[in-house]
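So you can see what is in the structure, the chains are spelled out below.
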Amino acid sequence: MEKYILIAILALIAVAFCGCNDDDSPKDKSELIQMWVSAETTETFHWGDDNHEYPIECMQVKYSLEGSWEPMMFDAIENFQYEKGVEYELSVLRTTLSNPPADGAAYAYRLERVISHKVLSANMDGIDECIVIPSEGKDSDIDFTTNAPCEIARITGDVFGEADLLELYDSGYGNGYSLRLNIPQNTGMGRVMLLTFRLSNGDKKEIGIWQMPRTFADTETFELPYAGSLGYMIGTDQDNYGRIRNIKIVGTMNANDAYYLKRILESHGYQGYGEKPEYNVDMAQSGFVAGENSKYANCGICDVGREYLPSAFTDEVPSGIFTSNKYLSAVILPESIKAINPSAFSHCIGLRKINIPSACIEIGSQAFSSCTSLTNIEFPYISQNIDLPHLQTIGDAAFSNIGRLKSFVLPESLKNVPTTALSFYVDKLFSLTEEPPVWNVPGNAGYVVGPRPDGCTLYVPFGCSKSYKSSEKWSKFNIEEMPEDKWWEMIP
């Protein structure tokens, strides 16, 4: 009997002990809550990254409309797929973990339903803002996704060929699309087609299709449809545009074009062993305008940082555009140029020929400094219809350390000349003023050092030789008078 009583007591104790264990053990607790997820992401850091050296992109969430945004990892809510640019209101089952990991979250989340969502900022994933196509053409499909339905709203830019050049179709997987390209071979310069996608929330996204140019020859003419287009016309292959030796530019150039012109002249991508290339640049039908951007900078095409660009102004040759290019041989400047800015051609040791446009008012300091091969400076107003030059200022050392010139012209308009501006040797010097030029230079009694009289013949207007021969400076030259009629025909 006592034995059975003892067994019963022990059973009651065991039941009581088990009951106590059930009541006291910690349990997970779950509750249904509302959450708001921002359309914008933020950054957070892993546990242990105390110095915040490795930021991690993540979502932003809050638990009430008035609450503050908090970071949350992209995969923190089970069954929820976050898309950038979309704002969400969610119904979520939040579970408070009874025994969370030491370095983990105290909560677990599972999506119950999406109450609402709104596309605030449309995005496209899987497609680059610039699609590069080789010159030989390409047939391909580009698969991408969006956070909102989209369509091609507009096609602008260059015409690539057939009307069915490209096609956008639904891939059948959610917001997935495929852009089918059928790009024919390019037989011309580099070209760009701009696709404008319109998304259902009203946003627009632009994608550039950039096809590389054909193989270049020794002589090429680039007809720029607008400023900022030379870069994409020459393409990215230095070995290709490095073939060019004679380049003609038609159309206005900005600072971006000036940068790419310099790239051509410095490429040497196709020069053979031991070759010393010579570049001739014809800009007679061109000119410079203010501006820095490439035409398709918004698609990342030829978008060059400002720190690499020269400062370009309308109707002025930018400073430094040709500086130190030892292969530049000859340049034809457009007649619209009003200024050749400082150091524009300095240290171009191979430059032999340049023209001074009749509209040019100023030649900046050191503009042609150390152009040791420079022998031919042309003044383009020698014609039946004389357009006399407008040159007013020649900067300090503008022509220092250059070759011996065949000829040079001192126009009547020239008023401002520092002491070192005209320090060069010349065979034939033409002065267009009836009285010997005297420039007011402090400390130099009004006379300028140079041009140097050594072996130089000075040609003066008809009937004016006497005043020149009585001048202390100009009497050192061999003086001859130009004919009274058609005197301009004497100037080379």
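Remember, predicted model here, so these are calculated numbers, not experimental data.

## Regarding the pattern of salt bridges
Then, number 1: Across all of its chains, the model carries 10 salt bridges by this definition.
Then, number 2: Measuring nitrogen to oxygen at the nearest pair gives 2.9 Å for the salt bridge that ties E31 to R94. In this pair, E31 sits in strand β1 (residues 29-37) while R94 sits in strand β6 (residues 86-96), placing the two residues 63 residues apart along the sequence.
Then, number 3: Residue E57 is joined to K84 by a salt bridge in which the shortest nitrogen-to-oxygen separation is 2.9 Å. In this pair, E57 is assigned in strand β3 (residues 56-62) and K84 in the loop between β5 (77-78) and β6, connecting sequence segments 27 residues apart.
Then, number 4: Classification of K84 as partly exposed rests on a relative accessible area of 41%.

## A closer look at the side chain of N256
Then, number 1: On the secondary structure map, N256 appears in helix α4 (residues 255-267).
Then, number 2: Residue classification places N256 among the buried positions, given a relative accessible area of 1%.
Then, number 3: Setting aside residues up to four positions removed in sequence, N256 forms contacts with G228, G291, E292, N293, S294, C302, V304 and L309.

## Concerning the nonpolar core
Then, number 1: Residues F222, I340, F345, F368, F399 and F408 are the most contacted members of the largest nonpolar core, which totals 90 residues.
Then, number 2: With six residues, the single largest contributor to this core is α4.
Then, number 3: Not counting chain neighbours up to four residues away, the residues in contact with F399 comprise I363, F368, I377, I394, F408, A421, L422, S423 and F424.
Then, number 4: I33, L111, I131 and L199 belong to the second-largest nonpolar core, a separate cluster that totals 36 residues.

## Notes on the sheet that holds strand β29 (residues 478-481)
Then, number 1: Spatially, β26-β27-β28-β29 is the arrangement adopted by the four strands of the open sheet, whose pairing is parallel. Across the chains shown, the open sheet's two edge strands, defined by having one partner strand only, are β26 (405-410) and β29. For this sheet the average axis-to-axis angle between neighbouring strands, irrespective of direction, equals 20°.

## Considering the pairing of strand β15 (residues 204-211)
Then, number 1: In terms of strand pairing, strand β9 (residues 130-133) meets β15 through four bridges, oriented parallel. Of the residues in β15, the one forming a bridge with V132 is W210.
Then, number 2: Where strand β14 (residues 191-199) meets β15, eight bridges bridge the pair, whose relative direction is antiparallel. Opposite V192, over in β15, you have W210 as the bridge partner.
Then, number 3: As consecutive antiparallel partners, β14 and β15 are separated by four residues, and within that stretch G202 has a phi angle of approximately 100°, a positive value.

## Quick look at the environment of Q34
Then, number 1: Structurally, the position occupied by Q34 is in strand β1.
Then, number 2: With relative accessibility at 38%, the residue Q34 sits in the partly exposed group.
Then, number 3: Sequence separation of Q34 and L90 is 56 residues, and the distance between their C-alpha atoms is 5.6 Å.
Then, number 4: Every residue in contact with Q34, bar those within four places of it in the chain, is listed here: Y63, E89, L90 and I115.
Then, number 5: A polar side-chain atom of Q34 sits 2.5 Å from a polar atom in the side chain of E89.

## Here we look at the sheet that holds strand β21 (residues 339-340)
Then, number 1: Within the open sheet, the four strands sit side by side as β19-β21-β23-β25. Their pairing is parallel. What marks the edges here is a single partner per strand, and that holds for β19 (316-317) and β25 (393-394).
Then, number 2: Here strand β23 (residues 362-363) pairs with β25 via two bridges, running parallel. Bridged to I363 within β25 is I394.

## A look at the pairing of strand β13 (residues 176-183)
Then, number 1: Of all the eight residues making up β13, six are buried; the element is thus mostly covered by neighbouring parts of the structure.
Then, number 2: Here strand β10 (residues 138-146) runs beside β13; their pairing, made up of eight bridges, is antiparallel. Along β13, the bridge assignment pairs F144 with Y177.

## Concerning the environment of Y226
Then, number 1: Mapped onto the secondary structure, Y226 falls in the loop between β16 (219-223) and α2 (230-234).
Then, number 2: Of the residues examined, Y226 reaches a relative accessible area of 26% and is grouped as partly exposed.
Then, number 3: On a C-alpha basis, the gap between Y226 and N254 in space is 9.3 Å, while along the polypeptide they are 28 residues apart.
Then, number 4: Not counting residues within four places of it along the chain, the set of residues in contact with Y226 comprises Y232, T252, K295 and Y296.

Parameters and conventions
- Residues numbered from 1 in each chain as written.
- Predicted model: local features only at pLDDT ≥ 70, side-chain atom pairs only at ≥ 80, totals over all residues.
- Heavy atoms only, no water.
- Salt bridge = Lys/Arg side-chain N within 4 Å of Asp/Glu carboxyl O.
- Helix = DSSP H or I, 4+ residues; strand = E, 2+ residues; numbered from the N terminus.
- Buried < 20%, exposed > 50% of the residue type's maximum accessible area, 1.4 Å probe, protein only.
- Contact = heavy atoms within 4.5 Å.
- Core = buried A, V, L, I, M, F, W, Y, C linked by side-chain atoms within 4.5 Å.
- Pairing = 2+ DSSP bridges.
- Axes fitted to C-alpha atoms, helices over the stretch in contact; angles between N-to-C directions.
- Polar contact = N/O pair within 3.5 Å; in protein donor to acceptor, adjacent residues only side chain to side chain.

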